Structures are given as structure tokens and as C-alpha cells.
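# Examining the three-dimensional arrangement
The lines below spell out each chain.
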Amino acid sequence: MAVLLLLLVGGAATGCGGRATTHHKPGTTHEQASGDVGTLLDAQDGGGHRLREVPAQGAPEVRLTARPDSEDGWNLQLAVTGFRFTPDSTGGAALPGAGHAHLDLDGHKLARVYGPWFHLPAAQVPQGPHTLTVRLYADDHTAWAVAGKPVESTVQLTAGPPGQDAHSHPAPAPTGSLAPPQAPEADRTVTLTVRDGKVSPPPARTELKRGERIALRVTSDRADTLHVHGYDKELALPAGQEATLVLTADRTGLFEVETHESRLVLTQLLVR
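Presented here is an overview of the structure given in this document. (Residues numbered from 1 in each chain as written. Predicted model: local features only at pLDDT ≥ 70, side-chain atom pairs only at ≥ 80, totals over all residues. Heavy atoms only, no water.)

### What to know about the nonpolar core
- With 31 residues, the main nonpolar core has W74, L76, L78, L103, L120, L132 and W144 as its most contacted residues.
- Of all the secondary-structure elements, those providing two or more residues to this core are β3 (61-68), β4 (74-81), β6 (98-105), β7 (108-113), β8 (117-120), β9 (128-137) and β12 (152-159).
- In contact with L78, not counting residues within four places along its chain, are V62, R63, L64, F85, A101, V113, G115, P116 and V134. (Core = buried A, V, L, I, M, F, W, Y, C linked by side-chain atoms within 4.5 Å. Buried < 20%, exposed > 50% of the residue type's maximum accessible area, 1.4 Å probe, protein only. Helix = DSSP H or I, 4+ residues; strand = E, 2+ residues; numbered from the N terminus. Contact = heavy atoms within 4.5 Å.)

In C-alpha cells form, the structure reads like this:
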């Protein structure tokens, strides 16, 4: 009985698959179960998330920059201080200096970001000037804030017609001209659909030779983020719209392609 009790307690502490989880009492929210980390304000950010204010000294900071990707769109870098990305504990209680980020385009959420790099395809930035904002959140989805304002960083993007120059600069100083070229033709194309929590066709291995280019064309029935492990490539998946990520398989090994929100494995890239 003692051994059985220990096993049950251990299982409750780690959750399914050994993943650490944070539970709260029935009828309470994660915000209410987060202890005394900072001060919860009544104010909210533009997405309806409550602000969690912390002192300016030692508070999380983020600086967003955008660089052209050699194949398509922009690579975004989130340079953070006093903060660490904790994708494995998203949905748990707020911990000091930990959590994830949200990426917004003109005030509309594009994706969650779980690391310092994110790939933004040119196809997801309509022609014209735009405001790209990244904001830091705790694991319980409250927004880190200082002096009543969310911890965030903004850059201005100007996207031109396909094949023409686009520009990006952090507010207020420009970083220069960015000209994401049109995506080159791929050697292989994998088309996938995510609907009702299922992947079609069923996940399988896609074999590639080193140096080949692959296009991942994904349509999801809910907003999500695609992530290619090992290559640190990410792609926002708008609900109901096809999105394409083109990458060059310049590393050998077995790499999983999965979604962040639904945690589905879409395919495995076997590069020889």
C-alpha cells in the first residue's frame, strides 16, 4: 500500500508523460493560484490578459529585431533579459522572470513564441506599413508589466509587392532595408491538414538528402504555431488558412515537425 501511495503521488506531481504540471483548486483560475508574484492589476492588455506588475529593477525586458530570411520572410529575434522561456510549464502558475511571448501584427495576435527566434513568412504580412509587437507573459497568461504598462517591444514593417523590397525598423530608429525574396522552388513539398486534433495524412517520415529544400504546406482549423526541431524554424498557422514554410535541410539527423498549441507531431524529417 505504501509503495502504491508513493507511485500515485509521484504520478500526480509529474502529470502525463512525466511532464511537470501545476494544479489549482477547482473553481479557481491560474491567476488566483499564482501566489504573490508581483501584483495583479485590473488593467488588461489589448488581448484581454490581466497585467502582472513587478518592480522595474530586475523586471523582464525584451527587444525585438527583424532580419531577412535567405529563403522567405523575416527571422525575428527576441533579445530578453531577466526572463527565460518555459514552454513546458505554460498554463501553470506564474513564476518570476519566466513564461512565453505573444506576437501581434497591427494589434492582432499571430502566434505564441516559446524561444528567442521566430520565422515570419512574407505571405503573412500584407503589402503596406505594419506594426509588429512582441509582449512577455507569465505561464498563467498574465502579461508582465512595469508601471502599469506591458513589457513589450515594437518594430515597424513595410511590406512591398512580391519581389520588391520591404523595410523593417524598430521604433523609433530604423534598422535598414530588408528585402525578403520570394521563396525558391522546393525539391520536396509536404502538404498537411490539421482538423479536430488529427493530422492528415497521418504523421510519417519524410526522407531528404542533405542540401535539399522542402516546403511544408500546413492548413490548421485553429490558430497554432508550427515548429521544426533542430532547425529552430517556426511558422504561424492562422486558423483556416494555408501557411508554407520552406527550409533547406542542411543538417543530418531526425527532426520532428510539430505544433505548439495542439502538440501534434505533423511529420519527421529524416535528413541523410
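Still to come is the rest of the account.
### Points about the sheet that holds β8
- A sheet is described by the order of its strands in space; here three strands give the open sequence β3-β4-β8, paired in antiparallel fashion. Only two strands of the sheet have a single neighbouring strand rather than two, namely β3 and β8. When strand polarity is set aside, the average angle formed by the axes of neighbouring strands in this sheet is 25°. (Pairing = 2+ DSSP bridges. Axes fitted to C-alpha atoms, helices over the stretch in contact; angles between N-to-C directions.)

### Regarding the pairing of strand β20 (residues 233-237)
- In terms of burial, β20 is largely enclosed, as five of its five residues are buried.
- Two strands pair when backbone bridges link them, and strand β19 (residues 224-228) and β20 are joined in this way by five bridges, in the antiparallel orientation. From the neighbouring strand, D224 faces β20, where its bridge partner is L237.
- What sits between β19 and β20 in their antiparallel hairpin is a turn of four residues, with G230 showing a positive phi close to 85°.

### Re the sheet that holds strand β23 (residues 265-271)
- Strands sit in the order β17-β23-β22-β19-β20 across an open sheet of five strands; the sheet is mixed. Only two strands of the sheet have a single neighbouring strand rather than two, namely β17 (205-208) and β20. The mean inter-strand angle of the sheet, taken between neighbouring strand axes irrespective of direction, is 15°.
- Where strand β22 (residues 253-259) and β23 come together, six bridges link them in antiparallel fashion. Along β23, the bridge assignment pairs E256 with Q268.

### Concerning the side chain of T259
- Among the secondary structure elements, T259 is positioned in strand β22.
- At 2.6 Å, the side chain of T259 and the side chain of S262 are in polar contact. (Polar contact = N/O pair within 3.5 Å; in protein donor to acceptor, adjacent residues only side chain to side chain.)

### Some words on the environment of T189
- Within the element layout of this structure, T189 appears in strand β15 (residues 188-195).
- Taking the C-alpha atoms as reference points, T189 and R217, 28 residues apart in sequence, are found 7.3 Å from one another.
- Setting aside residues no more than four positions away along its own chain, T189 makes contact with A215 and R217.

### Some details on the environment of G82
- Examined against the element boundaries, G82 turns out to sit in the loop between β4 and β5 (84-85).
- Owing to a relative accessible area of 46%, G82 belongs among the partly exposed residues under this scheme.
- Each C-alpha atom, one on G82 and one on P96, is 8.9 Å from the other, the two residues being 14 residues apart in sequence.
- Once residues within four sequence positions are removed from consideration, G82 is found in contact with P60 and G97.

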